[in-house]
Amino acid sequence: MISRRRLFQLSGLAALAGAGGAAWMYFGGYRPNSAGAKPISPYPFDPIRAENFQQKLFIPGGSGPFGVLDVAGPLQIRATAASFPILKGQASPFLLYQTEQAGKAYQNPILRMESGTRFQATLQNALSEPTIIHWHGLHTPAAMDGHPASTIGPGASYDYDFTVRNRGGTYWYHTHAHELTAEQAYNGLASFFLVEDDDQRRLNKALDLRLGETDVPLVIQDKQFDGAGRLHYKPNMHESMMGWLGDIILANLTPNAFLTVTPRLYRFRLLNGSNARIYRLAFVKGSTPLSFAVIGTDGGLLDQPQTVTEAYLAPGERLDVLFDAGQAQPGEDVFLKSLAFDPMENEGSAGNMGAMMGGMGGSSSSRLPIGAEFNILKLPVAQGERLATPLPAKLSDIRSIPTEGVPERKIELSMDHMRFLINGRTFRMDEISFEVKRGAVEIWRINNPAIGMPHPMHIHGFSFQVVERLNSPAQITAGARFGRGRLASDLGWKDTVLVWPGETVRIAIDFAHDFPGSQTYVFHCHNLEHEDGGMMINFRVNA
Ligand code: C2O
Ligand code: CU
Ligand code: CU
């Protein structure tokens, strides 16, 4: 057994070694990195094999599964156990939000609303277990937020009524059932919540983008299935600690998907709806990553497009991008891929944590290790008119939060007894970690120790701005061209930020809102197994 103290001594040693990402070498750990990793034997729907990509990408329509629902009045949303065909028509048990509007039925609708309008819905829990909906990224009063304390039992219902205060952007909603979020979200309880405003309309008009055609919401998830094509979720101790990984990659619930494109611009609203997998996204032709423009992040459009060739996307994060398919010739294929990276799970499968667990905790049951390279979506380029549209120079106004002289709050991530903690604590419903003053601006200095793993940290109730990344690993500094160690995906308004081992990320939060009294929200890791495992704290905003 290696004591915790000893771990930190080792981490000091690793830091002395200097090279980012080298800490694991001290433990002789296997790096599940596609470069030099043992080859994975092919399996049905294996996303590494390009020739598998033969299923038409599921594109949401105006009703039915994931249909776009322009909310026009109070909704009744039933959370219910149903089934959904995912693998070549094989029905899998699946949890769904069912609703109707104007005589049309929807399952897991993509809710669409104008900024500034009122949202009313009643959640009816028709499941056999507790649940609640959280509106990820939306600025709502605490009682409307889907705090785990709002979880309702089977047969109960919960009324939501709030104004959509957020700017236009790609938000989402999902279950936040106390200690059941990971399994319920994995089994289906999640979809998009699109907020419209003038900036969004101006962009889509200027670039002739149409939702469902050239403006494509794309949720990326990794799942496991059993031999009968049913969703499989059964984390062992190792997986409860590190997060559950799938080995079949779904784009809009389509495994091995393709979307035929013509030589013009496409907008992809990417959402990482996975429990724990981080993606290093790139549009690749042959082995060449093509350029794309990041135009938005969690909280809507950036001030201007930023051209990159890759971007990390962690669970809970959104990335709005423009990709010019005219970079390839008709007849060629472009793949949206996840490139290989060092997952920096320094206490992972064969590392010291594995040793501490004496093997009893098992290892990941996924055939696709985190950090492996694989394909997500094939984009075959068809004949078509070459439309070369210049990108707008300005997308929106981003007001920067003034940070001069602002107090800094330390947020320390850590690990103890195979649980990840925030400020040394594991979640307790009745414990408020700290209080902030309504209207105050704070900088949170989130520190992740070198020995550990990456954590996507998410706040409820507010958006934030990433001020600075410090001590980032080499694979992050390589793309940090945006000042103060930041990546393109750190720009604009965020609600989730990935913090790598050894890294410190400083974020600025303006706690202004117009909700009366005290409001309690959570701040947590969006690795859903970590969230359920208690890597979450309450904070209270006081008038
Ligand atoms: Cu999408 Cu509390 O999370
Ligand atoms: Cu959230
Ligand atoms: Cu975490």
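Each remark here, short or long, concerns the structure printed above.
This section reports on the structure supplied with the text. In this convention, every chain numbers its residues from 1, walking through the sequence in written order. Just so you know, chain letters begin at A and ligand numbers begin at 1, following the order they were written in. Confidence filtering applies because this is a predicted model: local features only for residues at pLDDT of at least 70, side-chain atom pairs given and counted only at 80 or more, and all residues used for totals across whole chains, interfaces and linings. Side-chain measures were taken over the full set of non-hydrogen atoms in the model, leaving aside hydrogen atoms and water.

## Brief notes about the nonpolar core
Part 1 of the argument: In these notes, a set of buried Ala, Val, Leu, Ile, Met, Phe, Trp, Tyr and Cys residues joined through side-chain atoms within 4.5 Å is what counts as a nonpolar core. Burial classification: accessible surface area is computed with a 1.4 Å probe over protein chains only, and a residue below 20% of its type maximum counts as buried, one above 50% as exposed, and the rest as partly exposed. One finds L218, F268, L270, I376 and L377 to be the most contacted residues of the largest nonpolar core, which totals 66 residues.
Part 2 of the argument: Of all the elements, strand β13 (residues 215-225) adds the most residues to this core, at five residues.
Part 3 of the argument: Residues within four places of L377 in sequence aside, it is in contact with F53, L57, L218, A257, F258, L259, F268, V334, F335 and L336.
Part 4 of the argument: By size, the runner-up hydrophobic cluster in this structure holds 32 residues, among which are F420, V505, I509 and F523. Runs of H or I in DSSP of at least four residues are treated as helices and runs of E of at least two as strands, each being numbered from the N terminus. Only heavy atoms matter for contacts: two residues are in contact if any of them lie within 4.5 Å across the pair.

## Describing the coordination of the copper ion (ligand 3)
Part 1 of the argument: Coordination shells were defined by N, O and S atoms within 2.8 Å of each metal, extended to 3.2 Å for Na, K and Ca; water is absent from the atom set, which can make sites look incomplete. Those protein atoms acting as donors to the copper ion (ligand 3) are H455 (ND1), C525 (SG) and H530 (ND1), and they sit at 2.0 to 2.1 Å.
Part 2 of the argument: In primary-sequence terms, the residues that donate to the copper ion (ligand 3) follow H-x69-C-x4-H. Here C525 and H530 have matching classes, each one buried.

## Re the sheet that holds strand β33 (residues 496-499)
Part 1 of the argument: Strand order in the open sheet made by the five strands is β29-β36-β35-β31-β33, with mixed pairing throughout. Each having just a single partner strand, β29 (432-437) and β33 make up the two edges of the open sheet. On average, adjacent strands in this sheet sit at an angle of 25 degrees to one another, irrespective of strand direction.
Part 2 of the argument: Whether two strands pair comes down to DSSP finding at least two bridges between them. Where β29 lies against strand β36 (residues 536-542), five bridges are found, and the strand directions are parallel. Counterpart to F434 in the pairing with β36 is F539. The axes used here are C-alpha line fits, helices contributing only the stretch in contact, and every angle between their N-to-C directions lies in the interval 0 to 180 degrees.

## Observations regarding the coordination of the copper ion (ligand 2)
Part 1 of the argument: Listed as protein donors to the copper ion (ligand 2) are H134 (NE2) and H458 (NE2); their distances from the metal cover 1.8 to 1.9 Å. Of the two residues, H134 sits in strand β9 (residues 133-136) while H458 sits in strand β31 (residues 455-459), which places them 324 residues apart along the sequence.
Part 2 of the argument: The exposure class assigned to H134 is buried, which follows from its relative accessible area of 1%.

## Some thoughts on the pairing of strand β34 (residues 504-510)
Each regular strand displays side chains that alternate between the two surfaces of the sheet.
Part 1 of the argument: Counting buried positions along β34 yields seven of seven residues, so the element is predominantly enclosed.
Part 2 of the argument: The alternating pattern of β34 places T504, R506, A508 and D510 on one face and V505, I507 and I509 on the opposite face, and all of these are buried.
Part 3 of the argument: Pairing of strand β30 (residues 441-447) with β34, which is carried by seven bridges, proceeds in the antiparallel orientation. Counted as the bridge partner of I446 is V505 from β34.
Part 4 of the argument: Judged from the six bridges that link them, strand β32 (residues 464-470) and β34 form a sheet pairing that is antiparallel. Residue pairing in the sheet places E468 in a bridge with R506 of β34.

## What about the packing of aromatic side chains?
Part 1 of the argument: Two aromatic rings from Phe, Tyr or Trp, using only the six-membered ring of Trp, form a pair when their centres are within 6.5 Å; if the ring planes differ by under 30 degrees the pair is stacked, by over 60 it is edge-to-face, and anything between is tilted. Evaluated as defined, the whole model comprises 33 aromatic pairs.
Part 2 of the argument: A centroid spacing of 4.9 Å and a plane angle of 70 degrees characterise the contact between F119 and W135, whose relative ring orientation is edge-to-face. Separated by 16 residues along the polypeptide, F119 in strand β8 (residues 118-125) and W135 in strand β9 bring together distant segments of the chain.
Part 3 of the argument: With relative accessibility at 0%, the residue F119 sits in the buried group.
Part 4 of the argument: Overall, the relative accessible area of 0% leaves W135 in the buried class.
Part 5 of the argument: Pairwise contacts between aromatic rings join Y97, F119, W135, Y158, Y160, F162, Y173 and F193 into one cluster.
Part 6 of the argument: Consider the ring centre and the ring normal. A charge sits over the ring if Lys NZ or Arg CZ is within 6 Å of that centre and within 35 degrees of that normal. For the cation-ring pair, K223 lies above Y186, with the distance from its terminal atom to the ring centre recorded as 4.6 Å.
Part 7 of the argument: Seen from the ring of Y266, R264 lies directly overhead, with NZ or CZ sitting 5.8 Å from the centre.

## Here's the deal with helix α3 (residues 198-206)
An α-helical turn contains 3.6 residues, so a residue and the one three or four places further along point in the same direction.
Part 1 of the argument: Within the sequence span of α3, burial applies to D199, Q200, L203 and N204. The arc that holds every buried residue of α3, seen down its axis, measures 125 degrees, which confines them to one face. Facing away from the buried side of α3 by over 90 degrees, the exposed positions are D198, K205 and A206.
Part 2 of the argument: Where α3 is buried, its residues contact β11 (169-175), β12 (190-196), β13, β18 (265-272), β21 (292-297) and β22 (300-308).
Part 3 of the argument: The backbone nitrogen of D199 has a side-chain oxygen 3.3 Å away, supplied by the residue at the start of α3, namely D197. Throughout, the arc means the angular range of directions from the helix axis out to the C-beta atoms. Pairs of N or O atoms within 3.5 Å make up the polar contacts considered here, provided that, within protein, one atom can donate a hydrogen while the other can accept it, and that residues adjacent in sequence are counted only when both atoms are side-chain atoms.

## Focus: the pairing of β11
Part 1 of the argument: The buried fraction of β11 amounts to seven of the seven residues, a majority that puts the element mostly inside the structure.
Part 2 of the argument: Two elements, β9 and β11, share four bridges in a ladder whose sense is antiparallel. Its bridge partner being in β11, H136 is matched across the sheet by W172.
Part 3 of the argument: Taken together, the six bridges between β11 and β12 define a ladder with antiparallel strand orientation. Considered in β12, the bridge of H174 is made with A190.

## As for the pattern of salt bridges
Part 1 of the argument: Throughout this description, the term salt bridge denotes a Lys or Arg side-chain nitrogen within 4 Å of a carboxyl oxygen of Asp or Glu. Enumeration over the complete set of coordinates arrives at 35 salt bridges.
Part 2 of the argument: D430 is paired through a salt bridge with R428; the nearest N and O atoms lie 3.3 Å apart.
Part 3 of the argument: The exposed category is assigned to D430, whose relative accessible area is 58%.
Part 4 of the argument: For R428, a relative accessible area of 43% puts it in the partly exposed group.

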